[in-house]
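Here is how the chains run, residue by residue.
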Amino acid sequence: MILLDGKKVAAEKRANLREEITAITAKGHRAPSLVIIIVGHNPASETYVANKIKACDEVGIKATKIAYEADITEDTLLETVRRLNEDSSVDGFIVQLPLPEHISEAKVLTAIDYRKDVDGLTPMSMGRSVQGLPAIPSATPAGIRSLLEYYHIPTAGKHVVVIGRSNIVGKPMAIMLMQRPYLSLPGMSAASLGDATVTICHSKTEDLSSICRTADIIIVAAGCPNLLRGEMVKPGATVIDVGINRVEDPSSPRGYKLVGDVDYEHVALVAGAISPVPGGVGPMTIVSLLQNTLQAALNR
Ligand code: NAD
């Protein structure tokens with residue numbers, strides 16, 4: 001069984017990015033710059049943002065955080081988005097999700113200029129990706145694609161089951177994997193994977209187990225601990241666990257631990273390759289954000 005070690009792969013990719021960015025700044029260009037907007041004090045979001053800023057520092061991307069209290073108005077947030085769209089010193093920016101309920105995520109994402117959309121989540125970025133036009137890829141699916149590439153796990157002709165249909169993971173992942181590889185288009189990150197036969201499953205899917213058992217690759221992004229069990233996996237299949245769930249753990253000083261959507265202990269006995277949680281998709285997502293920021297800077 002191969003451990004798809006996102007922590008290790010992400011560290012290598014950050015080292016490469018650091019070299020690339022050092023070479024750019026050595027030529028007299030300014031460092032790529034990323035702005036992260038966070039609204040409120042969701043503890044998980046605060047941790048993600050801190051990790052993203054730390055990763056930027058490591059590779060030489062200038063990261064700036066804009067923090068708003070949870071009661072900020074939608075108009076103020078939209079005004080900030082418009083200002084960042086126009087600010088030529090900013091290559092890319094993201095709005096950390098989720099937003100408080102009184103703010104429309106759809107409205108905010110739609111307002112972001114897709115050329116600065118380094119999370120790859122705006123309707124424009126997603127629509128362009130669907131049509132195979134140059135676009136910044138969604139960060140988590142792009143990280144998963146890099147992980148598969150790194151371990152030489154082919155997708156062409158394979159049956160991939162994606163569990164989850166969110167705009168952040170499930171949908172863009174499915175599109176990315178079923179596309180014809182689009183290496184040749186300018187402004188696109190290199191993508192050699194695609195050509196898969198994709199099935200998307202969700203909370204209303206009937207007989208998830210039977211569908212999963214026909215998969216060569218299963219990508220689980222549902223937010224349900226132990227959703228994927230050993231008997232649902234074909235021997236030798238690749239399993240990518242995207243889920244991040246906090247479960248109570250009295251033995252931990254924090255009182256909780258992070259688990260994915262996969263019953264790791266049992267699935268690891270059947271799978272040919274598996275990504276752990278933590279240390280799998282999470283660090284790869286952050287590396288994609290860094291790569292997307294560099295890409296946005298180069299595109300400009
Ligand atoms: P979401 O919460 O928006 O939606 C969950 C999806 O899973 C829905 O489409 C739903 O239909 C499906 N689903 C829920 N229960 C199911 C079940 N029992 N059977 C089949 N399908 C089911 O999804 P999201 O925002 O994509 O997040 C999914 C998980 O991935 C969460 O745990 C989230 O924290 C995690 N996540 C991790 C990263 C990362 O970088 N590692 C990035 C994004 C999200």
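Since the model is a prediction, treat every value here as computed from it, not as a measurement. For every chain, the first residue of the written sequence is number 1, and numbering continues from 1 onward in sequence order. Two thresholds apply to this predicted model, a pLDDT of at least 70 for residue-level local features and 80 or more for giving and counting side-chain atom pairs, whereas whole-chain, interface and lining totals are computed over all residues. Computation of side-chain values covers all heavy atoms of the structure but excludes hydrogens and water.

Visitor: What am I meant to see in the site of the ligand here?
Guide: Every one of the 20 residues lining the ligand counts as a neighbour, but Arg165, Ser166, Ser203, Ile244 and Thr285 are closest to it. Between N or O atoms, a polar contact is any pair within 3.5 Å; within protein, one atom must be a potential hydrogen donor and the other a potential acceptor, and residues adjacent in sequence are included only when both atoms are from side chains. Here an oxygen atom of the ligand and a backbone polar atom of arginine 165 are 2.9 Å apart. Measuring from a nitrogen atom of the ligand, one finds a backbone N or O atom of valine 242 at 3.4 Å. For this classification, Asp, Glu, Lys and Arg are treated as charged, while Ala, Val, Leu, Ile, Met, Phe, Trp, Tyr, Cys and Pro are nonpolar and the rest, including Gly, are polar. Tallied by class, the residues present in the shell around the ligand amount to nine nonpolar, ten polar and one charged. Throughout, the term near means that a residue has one or more heavy atoms lying within 4 Å of the molecule or strand in question.

Visitor: Would you mind showing me how to read the side chain of serine 209 here?
Guide: Tracing the backbone through its elements, the reader meets serine 209 in helix H8 (residues 208-213). Accessibility expressed as a relative area gives 17% for serine 209, which makes it buried. Two residues form a contact once any of their heavy atoms are found within 4.5 Å. Discounting chain neighbours no more than four positions away, the residues touching serine 209 are Arg229 and Met232. To qualify as a helix, a DSSP run of H or I must reach at least 4 residues; to qualify as a strand, a run of E must reach at least 2; elements of each kind are numbered from the N terminus. Exposed residues in this analysis have more than 50% of their type's maximum accessible area, buried residues have under 20%, and partly exposed residues fall in between, with area computed by a 1.4 Å probe over protein chains only.

Visitor: For this particular structure, what's the right way to read the packing of aromatic side chains?
Guide: Any aromatic ring pair is given by two values, namely how distant the centres are and how the planes are angled relative to each other. The rule is short: rings of Phe, Tyr and Trp, with Trp giving its six-membered ring, pair when the centres are within 6.5 Å, and they are stacked under 30 degrees, edge-to-face over 60, tilted in between. The full count for this structure, using the stated rule, is one aromatic pair. Judged by centre distance (5.1 Å) and plane angle (65 degrees), the ring pair of tyrosine 150 and tyrosine 151 falls under edge-to-face.

Visitor: I tried to follow the sheet that holds strand E3 (residues 62-68) on my own but got confused; where do I start?
Guide: At least two bridges found by DSSP between two strands is the condition for calling them paired. In space, the three strands of this open sheet follow the order E3-E2-E4, with parallel pairing throughout. The open sheet terminates on both sides in strands that have one partner only, identified here as E3 and strand E4 (92-95). Each adjacent strand pair in this sheet contributes to an overall mean axis angle of 15 degrees, direction not counted. Where strand E2 (residues 33-39) lies against E4, four bridges are found, and the strand directions are parallel. Residue valine 35 lies in a different strand from E4, and its bridge partner there is phenylalanine 93. Only the stretch in contact is used when fitting a helix axis, every axis being a line fitted to C-alpha atoms; angles between N-to-C directions are given from 0 to 180 degrees. Packed onto the sheet, helix H2 (residues 43-59) meets E2, E3 and E4 and runs at close to 170 degrees relative to E2.

Visitor: How should I be thinking about the packing of H2 against helix H10 (residues 281-299) in this particular structure?
Guide: Axis angle and axis distance: for two packed helices, these are the angle between their axes and the distance between the axes, and together they describe the pair. Close contact between H2 and H10 brings their axes to 10 Å; oriented N to C, the two are set at 55 degrees. Viewed along their axes, H2 and H10 adopt a mutual orientation that is oblique. Of the two elements, H2 crosses H10, and the hand of that crossing is right-handed. Side by side, H2 and H10 meet where Asn51, Lys52, Ala55, Cys56 and Val59 of the first sit next to Ile286, Leu289 and Leu290 of the second. Across the contact of H2 with H10, the residue classes break down as six nonpolar, one polar and one charged. Roughly parallel here means an angle under 35 degrees, roughly antiparallel means over 145, roughly perpendicular means 65 to 115, and every remaining angle is called oblique. By the definition used in this description, the sense in which the near helix is turned from the far one sets the handedness, with an anticlockwise turn below a right angle giving left-handed and a clockwise turn giving right-handed.

Visitor: How do you make sense of the pattern of salt bridges when you look at a structure like this?
Guide: Close approach of charged atoms allows side chains of opposite charge to pair. When a carboxyl oxygen of Asp or Glu is within 4 Å of a side-chain nitrogen of Lys or Arg, the pair counts as a salt bridge. In this structure the tally under the stated criterion is eight salt bridges. Between aspartate 91 and arginine 300 there is a salt bridge, and its shortest N-O distance comes to 3.1 Å. A residue pair is termed long-range when its members are at least 10 positions apart, and aspartate 91 in the loop between helix H3 (74-86) and E4 and arginine 300 in the segment after H10 qualify at 209 residues. You can call aspartate 91 buried: its relative accessible area is 2%.

Visitor: What exactly am I supposed to notice about the sheet that holds strand E7 (residues 217-220) here?
Guide: Strand pairing in a sheet takes place through backbone hydrogen bonds and is either antiparallel or parallel in direction. Spatially, E1-E11-E8-E7-E5-E6 is the arrangement adopted by the six strands of the open sheet, whose pairing is parallel. Single-partner strands in this sheet number two, and they are strand E1 (2-3) and strand E6 (197-201). Sheet topology note: the strand E8 (residues 238-241)/strand E11 (residues 273-274) ladder contains two bridges and is parallel. Paired with valine 239 across the strands is isoleucine 274, a residue of E11.

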